[in-house]
Amino acid sequence: MGETYLVDDHYGQAEMPPVRRGTIARVSYVADLHIHSPYAISTSRDLSLENLAVWAKLKGIDLLATGDFTHPVWANEIRTKLTDSGDGLFSLDGVKFVLGTELNCNGRQDGRSRRIHTLVFAPDLGAMDRIGKAMAGSGASLAGDGRPTVHMTPRELVETLMEIDDRCIVIPAHAWTPWFGVYGSKSGFDSLEECFGDMLDHVAGIETGLSSDPAMCWTVPELDDKALLSFSDAHSLPKMSRELTVFNGEPSYEGLVKAMAEQDIAYTVEFFPEEGKYHYSGHRKCGVSYSPDDVARYGRVCPSCARRMTLGVMQRVAEVGARPVETYVDEQGLTRADNGRPPFRSLVSLQQILSEAMGFGVNTKRVQGAYHELVKACGAELTVLLEAPTDDLASAVPQHGERIVEGIAKVRAGDIFVEPGFDGQFGKVQVWPDEMAAPRRPLAQSRMEL
Ligand SMILES: [Zn+2]
Ligand SMILES: [Zn+2]
């Protein structure tokens, strides 16, 4: 079954509106570098390269990762469908791509079994092929999963990649999540140093992940010289761009390496971290959710079933972080600290704002219709959310215009309600509290909720 949100009903590729994105396009480029193909486990079949390009334009993304490049079928599509730009990037229908994938490092280190997801980028097709061969050689089943399990530690992975081509980029993915995060409570480490050892200099940055934001990472001294990156980890097309990094400088492979090394980043776009699935500690089955303060007072054992709780991202940040950081929001709505680090802004997806404003489910025709009207009028979702004048927004959707404009203004101002997620349960973010939201019709549940 294909999802119903493909754009055909609204406008075909040929009639895509021109992207006008004010200041963003001139000095920097918008990148989503954690993407999957239909060949990774539990991802949408609609994730073709063509659809990724269509949705990148809807969202306002300039540079996408291909995702899953060790998968033989997907690698073949990359080779045949994308055009080599000669600068380490590739293109399709005006959207740039970088060769990127996610690998699950599964190896024993210091007497414990570790499972760490890492994002890996290759400078050219030759390096991409050699990485595939090396991973297959280590026993990975490349055809079985677009995000294959490789039987080596993250340190061994970095060493292998540097031998293949020292321009390869390695970034621990969703660094704080309990499972698969480099700092995760279940199978992670207490420091990058402990994980990567003498290979640490080759690690360009970390992906902060949905449950954390840069401010939380600013408390960790060993991250001072690492780029803090945010990407969507989308398993379906509409989830693309839910987190993004806006890099400064030349959009080329070399430019990307440089921007990461120098932290030359305009800003990142973040989930409200409370919305992530592992923000607080807790036990999903028992309905128990603990903040770090609660853990300090009541301990790590679930009061309902007496088992150990899943320790969330906030708890790990409290354990690993070593200094308080004071943040403020500047006149552009960017969250900063006086530490010279790139700022960030937290957003809610446009489809969710529309759903709440209109009182219909995200996947309903009305919400999808309004989404495409707004994007068409303003050029891209990111423009709608960040910078489109309210008059433009209101005239694009006459029916619920006022309410929708109010919702977007509230998100821009950070004036929303959040209930933290825990132990695999997404947090709840609401633009309006329940009593003020439009009455709800039953939601058509998306089968691809990540
Ligand atoms: Zn992952
Ligand atoms: Zn329990």
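Keep in mind it's a predicted model, so treat the numbers as computed, not measured.

Draft legend 1. Looking closely at the packing of aromatic side chains. Scanning the entire structure with this criterion turns up 7 aromatic pairs. Aromatic side chains Tyr290 and Tyr298 sit 5.9 Å apart centroid to centroid with 55° between the ring planes, which places their arrangement in the tilted category. The aromatic ring of Phe189 is capped on one face by Arg114, whose charged end is 4.0 Å from the ring centroid. When the ring centre of Trp432 is taken as origin, the NZ or CZ atom of Arg403, which lies over that ring, is 4.0 Å away.

Draft legend 2. A look at the coordination of the zinc ion (ligand 2). Within the protein, the atoms that donate to the zinc ion (ligand 2) are His283 (ND1), Cys286 (SG), Cys302 (SG) and Cys305 (SG), at distances of 1.9 to 2.4 Å. Geometry at the zinc ion (ligand 2) is tetrahedral, judged from its 4 donor atoms and the angles of 97 to 123° they form at the metal. With relative accessibility at 13%, the residue His283 sits in the buried group. Cys305 sits in the partly exposed class, given a relative accessible area of 30%.

Draft legend 3. Broad picture of the confidence of the model for the protein chain. Here the protein chain averages 89 in pLDDT, and 91% of its residues register 70 or above. Here residues 1-26 is modelled with pLDDT under 50, and outside its nearest four sequence neighbours on either side it reaches 56 contacts, counting other chains as well. Low pLDDT (under 50) marks residues 440-450, which in the prediction has 28 contacts with non-local residues, meaning those over four places away or in another chain.

Draft legend 4. Just the pattern of salt bridges, in detail. Summed over the entire model, instances satisfying the criterion amount to 19 salt bridges. For the salt bridge of Lys81 with Glu77, the shortest nitrogen-to-oxygen distance reads 3.0 Å. Residue Lys81 and its partner Glu77 are both found in helix 3 (residues 72-81); the two are separated by 4 residues, about one turn of the helix. Two residues, Asp224 and Arg341, come together in a salt bridge whose shortest N-O distance is 3.5 Å. Here Asp224, found in the loop between helix 7 (214-217) and strand 10 (227-229), pairs with Arg341, found in the loop between strand 16 (335-336) and strand 17 (344-346); they are 117 residues apart in sequence, far enough to count as distant. Its relative accessible area of 37% is what places Asp224 among the partly exposed residues. A single network of salt bridges, built from pairs that share partners, joins Asp190, Arg300, Arg316 and Glu319.

Draft legend 5. How the structure looks around helix 2 (residues 49-59). Most of helix 2 is tucked away: 10 of the 11 residues are buried. Within the span of helix 2, buried status applies to Leu49, Asn51, Leu52, Ala53, Val54, Trp55, Ala56, Lys57, Leu58 and Lys59. Looking one or two residues past helix 2, Gly60 carries a phi angle of roughly 100°, positive in sign.

Draft legend 6. Region of the structure containing the environment of Gly369. On the secondary structure map, Gly369 appears in helix 12 (residues 365-378). The class of Gly369 is buried, set by a relative accessible area of 16%.

Draft legend 7. Focus on the environment of Ala409. Residue position: Ala409 is located in helix 15 (residues 401-413). Ala409 sits 297 residues away from Arg112 along the chain, and the two C-alpha atoms are 48 Å apart.

Draft legend 8. Focus on the nonpolar core. Leu52, Trp176 and Met240 are the most contacted members of the largest nonpolar core, which has 106 residues in total. Here the element with the most residues in this core is helix 2; it accounts for 7 residues. Looking at which domains feed residues into this core, each of domain 1 (27-275) and domain 3 (349-436) gives three or more. In contact with Met240, other than residues within four places in its own chain, are Asp32, Ile35, Leu52, Trp55, Ala56, Lys59, Ile61, Leu64, Ser232 and Ala234.

Draft legend 9. Up close: the pairing of strand 8 (residues 169-172). Where burial is concerned, the two faces of strand 8 agree: the one with Ile169 and Ile171 and the one with Val170 and Pro172 are both buried. When strand 6 (residues 112-122) meets strand 8, the two strands line up antiparallel, connected through 4 bridges. By the bridge assignment, Thr118 is partnered in strand 8 with Pro172.

Draft legend 10. Up close: the pairing of strand 12 (residues 265-270). By the criterion of burial, strand 12 is predominantly enclosed, with 5 of the 6 residues buried. Across 4 bridges, the pairing between strand 11 (residues 244-248) and strand 12 is antiparallel. From the neighbouring strand, Phe247 faces strand 12, where its bridge partner is Ile265. By the bridge criterion, 3 bridges tie strand 12 to strand 17 in an arrangement that is parallel.

Conventions and cut-offs
Residues numbered from 1 in each chain as written. Chains lettered and ligands numbered in written order. Predicted model: local features only at pLDDT ≥ 70, side-chain atom pairs only at ≥ 80, totals over all residues. Heavy atoms only, no water. Phe/Tyr/Trp six-rings, centres within 6.5 Å; stacked < 30°, edge-to-face > 60°. Lys NZ or Arg CZ within 6 Å of the ring centre and 35° of its normal. Donors = N, O, S within 2.8 Å, 3.2 Å for Na, K, Ca; no water. Tetrahedral: all angles 85-135°; square planar, octahedral: opposite > 155°, others 65-115°. Buried < 20%, exposed > 50% of the residue type's maximum accessible area, 1.4 Å probe, protein only. pLDDT = per-residue confidence, 0-100. Contact = heavy atoms within 4.5 Å. Salt bridge = Lys/Arg side-chain N within 4 Å of Asp/Glu carboxyl O. Helix = DSSP H or I, 4+ residues; strand = E, 2+ residues; numbered from the N terminus. Core = buried A, V, L, I, M, F, W, Y, C linked by side-chain atoms within 4.5 Å. Domains from an automatic or database assignment. Pairing = 2+ DSSP bridges.

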